[in-house]
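Coordinate analysis (summary)
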Amino acid sequence: MKSFVARTFVLVLFEACVVFGNHCTPGFEETPLIKRFVPKFLHKGERIFKVPFESCGGSNIGYKVFDDNFKVDEAGWLVSKATLEVPLWGLRLFVDVSQSPGEMQWTAVMKLARRHHNKHHKHHLEKEHRHDAPTVVFNQTDEVVLHSKHRRRQKRSWVIPPINEPEHSMGPFPKFLVPLKSDEPVEVRYSITGPGADQNPEGLFIVDAKTGKLSVTAMLDWEHCSEYKLQAHAVGVDGSTAEEPVEIIINVLDINDHLPEFIKNTFDGFVVEGSTPGTNVFAVRAEDKDDPKTANAMIRYSILSQKPQTPFPEMFTINGETGMISTMKSGLNREQTAEYQLIVEARDMMGASHGLATTATAIVKVTDVNDNLPEFTASQYAGTVKENTVGKVVANLSVTDSDERNSPAWKAKYTVIQGDPKDCFLVKTNPTNNDGMVTVVKPLDFEAGDKITLVVQAENLIPLFQGGVRQSSTATVTITVTDLNEPPIFDPSPNSVTVSEDVPIGKEIIKMVARDPDKAMSQQIRYAMRSDPLYWLSIDPISGAVTTQAPLDREHESVVENVYKATVLAIDNGNPVATGTGTLLLKLSDVNDNNPVVSPEAADVCEGSLASINISATDKDLPPNTSPFIFKLDNHPDLKRNWTLTAKSGEHGILRQKNMLPIGVYNISLEISDSGTPARTGTSSMILTVCQCEGNGVCSKRGRAINRAGFGAFGILGLLLCLILLIVLVLVLAMYMKKAKGKVPLLRQDEDDDLRDNILKYDEEGGGEEDQDYDPSQLQPATEYPGAFIDYKPVVVRRDQPVMNMAAPRFLPRTGAQPPNDIGNFIDEGLKAADDDPSAPPYDSLLVFDCEGAGSFAGSLSSVNSGSSDNNQEYDHLKDWGPRFRKLADMYGNGTA
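Here goes a summary of the coordinates provided. (Residues numbered from 1 in each chain as written. Predicted model: local features only at pLDDT ≥ 70, side-chain atom pairs only at ≥ 80, totals over all residues. Heavy atoms only, no water.)

Observations regarding the overall build of the protein chain
Under the convention used in this document: In DSSP terms, a helix is any run of H or I states spanning at least four residues, a strand is any run of E spanning at least two, and both are numbered starting from the N terminus. Here, residues are in contact when the closest pair of their heavy atoms is within 4.5 Å. Residue-level accessible areas treat just the shown protein chains as cover; the underlying method is Shrake-Rupley with a 1.4 Å probe.
Scanning the protein chain from N- to C-terminus turns up 8 helices and 56 strands. For the protein chain, the proportion of contacts with a sequence separation of at least 24, taken over those separated by at least 6, is 64%. For the protein chain, the exposed area adds up to about 56,000 Å²; of that, 55% sits on carbon and sulfur atoms.

Structure below.
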């Protein structure tokens, strides 16, 4: 009985607790040792799992994880704070959970075990997901018992963790994911909405309306979509809402289905030869399309091979995470290996052996530095050059350099460091072959030494690589200087001497002596003047003594600043002959040999005024043979009566007019003396013009014309005398010609003179006075000049000749002006006019001509055509006509010629 009562009590108490009390006890839902399987690699920010702690609706829940790599977020999820690798033995985490301050605290130990990867990895993963897949429960109603006289009912919502589904799952499809469950006692129908359900991609996820089983119908692709968010709905069969919608998150888990890809197939870079280990060269980079939060996209780099493997097989290394290639060992030498070829691998899964990998080529070029000296190919070089030669290459120096050709590390620079104190040599670099060309830049002197030894240094344009210190190599160059016949040298040149300008002719003033620089040659020197513009000097050809041969004049225009310049030649007798030139500068000292002259030489004075004229004096001599000057008027009485001259200063005076002078030109004579010892006095004339002036006191042009045209008394007298002489000469000439006419020829021809090319004048043949009764105008052509017209005069007919009754011809006037001597044109035009004139007589009619007159001095010519004998004629007088008529006299004379 007691047992029954006790059991009944316990049952009633249990039922009472169920009815009136809350059965939820806060704390961990599992044993304090919680074990979960996790991947090998955990990524930063990745949710690992939800901590299984029941708060029974309490607030202010606080979590504390005793590991800095993890934390629990507000939703209760364990989150990785860093990317890390889970060791094979797993991880242990201590997690404290507490509610409001002062209440109970719970502690649990969580063990994170590492999943084992094998060929059935995907199958186990899917199995684990199925095993861990929760049941999606919309709401669970908790009965609340009476507590503190109150009775209440509480509903609690489940927090659904995301559903993880790996991509590229092989099915079969549809593939079950999770069940949906409503705790309502009524019959419900389930459905889902959202992307992948009733939105694009539509139908990817489906749910059984009765059982609530959620399935996927096709293979998922993380690269296409990594997360799907769906809304789960529960509706009663009568259409009423049974539950509020619940969000379901489906995470697509990435699998390693993409190879890493290098951004390019070949990478190029440079590294300086001699670089120390650890020197960065360049970085390679690859990309992976898998999830970057997983190891599937975590790439690690490595170098698979190196060609060539000199001087060491592993000259380079690569940073596995960044892909930076750097030097690993020293010994890079461009001259031995100018380029390395590296095969670089990129592998995902953080470089694990089961990760996917790809390769690329990295070309590392070794750049040159100046790590080799220019070395002379020989230690001794030689050359020959003639003295006084400039600009000639006398020796070529060759060097070798292993650095890159035509680079600053290869190009050589040459310097003469010894044996050239006067800088006579310059070593230029041949840009083609890098040789050094020893060039003479200043004349060499054989007499100063016939052997010159140079030490030449060769170095690069940039410092040597080791420590930046310049190093070089040297060579010796021996130059042999050969002798030439050099011209004599005047020393000093120019040579100056001071002489007085009044030095007498023949005076020796200096000896211009030259020396022969050719000491090894015994030569003689002769001298000659090369340039003596005024021929004032002469030089002795043996001694070089320069003497004067003409008076010197300091004031001559060829003397510049009291210096007269001449040049002298010194000529040796070498082979070939050499000539040297010396300059002689004669500094001429002044003597008082010039008279002062006055200026101005002419002045104008207005009529009716008393003028004052300022005059000045100049002297070509130098002080003290110049100013002050003494001014005086000439002693002529007219000058002293009309003018006064007073000194104004040492070089100026004032000429004042005392009386009014008529218009005219006046010559004023002035005497000026200088201050030399003894003094020299010069007489100068000033032309003074008295003229009519304009209102401003300036001579007018008319006044000047009158003065130029006017004559004084002497001028008029001279003009009359000239006129009388001209008349007398004309009269004498006329009388003489009249007396000589017809008697004695003015010019008598000698009988032996040749009359060819001479013009002979004979007496006129005319007859008597009747021979003049003709009109000479008939012989002139009718000429029409501009503005004038000449008619033909009527023909004059002799009274003793028969007169023909015919009309006189009228010729047409000529239209153009022609010269009177154009007789040919006149005859042609007259003939044409006669042919065209109908009044002209015919050709067979009797023509009447003027009589030429009678009583001609020539006499009758009838004997020429007579039949008388030539013996009656006298031809001997032809002998007096000259050689040309002597033959005629012999033919027709008496033969005595």
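Section: the environment of L661
To be explicit about the condition: Under the scheme applied here, a residue whose accessible area is under 20% of the maximum for its type counts as buried, over 50% as exposed, and between as partly exposed, the area being computed with a 1.4 Å probe on protein chains only.
Relative to the helices and strands, L661 resides in the loop between β54 (652–657) and β55 (664–673). A residue is classified by how much of its surface remains accessible, and L661, at 10% relative accessible area, is buried. As for L661 and S609, which are separated by 52 residues in sequence, their C-alpha atoms are 8.4 Å apart. Those residues in contact with L661, other than ones at most four positions away along the chain, are N642, W643, Y666 and V690.

Considerations on the environment of K175
We apply this condition: For the purposes of these results, a polar contact is taken to be a pair of N or O atoms within 3.5 Å, where, inside protein, one atom must be able to donate a hydrogen and its partner to accept one; residues adjacent in sequence count only when each atom of the pair is a side-chain atom.
Its location among the elements puts K175 in strand β16 (residues 175–181). For the pair K175 and F205, spaced 30 residues apart in sequence, the C-alpha separation works out to 9.4 Å. Polar contacts involving the side chain of K175 include one to the side chain of S169, which spans 2.8 Å.

What about the pairing of strand β10 (residues 91–98)?
How we decide: Whether two strands pair comes down to DSSP finding at least two bridges between them.
Where strand β6 (residues 62–65) and β10 come together, 4 bridges link them in antiparallel fashion. The partner of G62 across the bridge, within β10, is S98. Note that β10 and strand β11 (residues 105–114) share 8 bridges and pair antiparallel. Counterpart to S98 in the pairing with β11 is Q105.

Brief notes about the sheet that holds strand β32 (residues 380–386)
Let me state the cut-off plainly: Interaxial angle, 0 to 180 degrees, is taken between N-to-C directions of lines fitted to C-alpha atoms, where a helix line uses only the stretch in contact.
The 4 strands are arranged β32-β39-β38-β35 in an open sheet whose pairing can be described as mixed. Single-partner strands in this sheet number two, and they are β32 and β35 (412–418). Each neighbouring strand pair of the sheet contributes to a mean axis angle of 30°, computed without reference to strand direction. Summarising the sheet, β32 and strand β39 (residues 473–482) pair through 7 bridges and their orientation is parallel. Bridging from a neighbouring strand, Q380 pairs with T476 of β39.

What to know about the state of the cysteines
Applied cut-off: In plain terms, two cysteine sulfur atoms within 2.5 Å form what is called a disulfide here.
Scanning the model with the defined rule gives 1 disulfide in all. Between the sulfur atoms of C606 and its disulfide mate C693 the distance is 1.8 Å. Disulfide C606 to C693: torsion about the S-S bond roughly -105°, handedness left-handed. Note that C606 is positioned in strand β50 (residues 602–606) and C693 in the loop between β56 (681–691) and α4 (701–709), a separation of 87 residues in sequence. In this structure C606 comes out as buried when scored by relative accessible area, which is 17%. Under the relative-accessibility criterion, C693 is labelled partly exposed at 27%.

Focus: the packing of aromatic side chains
Let me state the cut-off plainly: Put simply, two rings from Phe, Tyr or Trp (the six-membered ring, in Trp's case) pair if the centres are within 6.5 Å, and we call them stacked under 30 degrees between planes, edge-to-face over 60, tilted for the rest.
Scanning the model with the defined rule gives 8 aromatic pairs in all. An angle of 50° between the planes, with centres 6.3 Å apart, marks the rings of F262 and Y301 as tilted. Here the residue F262 occupies a position in strand β22 (residues 261–262), and Y301 occupies one in strand β26 (residues 300–307), the gap between them amounting to 39 residues. Residues F316 and Y340 carry aromatic rings whose centres are separated by 5.3 Å and whose planes lie at 70° to one another, so their mutual orientation is edge-to-face. Residue F316 is located in strand β27 (residues 316–318), and its partner Y340 is located in strand β29 (residues 339–347); the two are separated by 24 residues in the primary sequence. Classification of F316 by relative accessible area gives buried; the value is 5%.

As for a nonpolar patch on the surface
To be explicit about the condition: Each patch is assembled from residues with relative accessible area greater than 30% and no salt bridge, linking like charges that lie within 9 Å and nonpolar side chains (Val, Leu, Ile, Met, Phe, Trp, Tyr) that lie within 5 Å. For this document, the term salt bridge refers to a Lys or Arg side-chain nitrogen within 4 Å of an Asp or Glu carboxyl oxygen.
Together, L723, L726, I727, V730 and L731 give the surface a local cluster of nonpolar side chains, amounting to about 490 Å² of exposed area. The topology assignment puts L731 in helix α5 (residues 713–740).

Regarding the sheet that holds strand β45 (residues 537–539)
Reading across from one edge, β42-β46-β45 is the order of the 3 strands in this open sheet, with antiparallel pairing throughout. The open sheet terminates on both sides in strands that have one partner only, identified here as β42 (508–511) and β45. Averaged over all neighbouring strand pairs, the angle between strand axes comes to 25°, with direction disregarded. Where β42 meets strand β46 (residues 545–548), 3 bridges bridge the pair, whose relative direction is antiparallel. Within β46, the position partnered with K511 by the bridge is A545.

Focus: the pattern of salt bridges
Between side chains of opposite charge, a pair can form when the charged atoms approach closely. Taken as a whole, this structure holds 11 salt bridges when the rule is applied. Among the salt bridges present, the one from R347 reaches E345, with a minimum N-O distance of 3.1 Å. Judged by its relative accessible area of 19%, R347 is buried. In this structure E345 comes out as buried when scored by relative accessible area, which is 14%.

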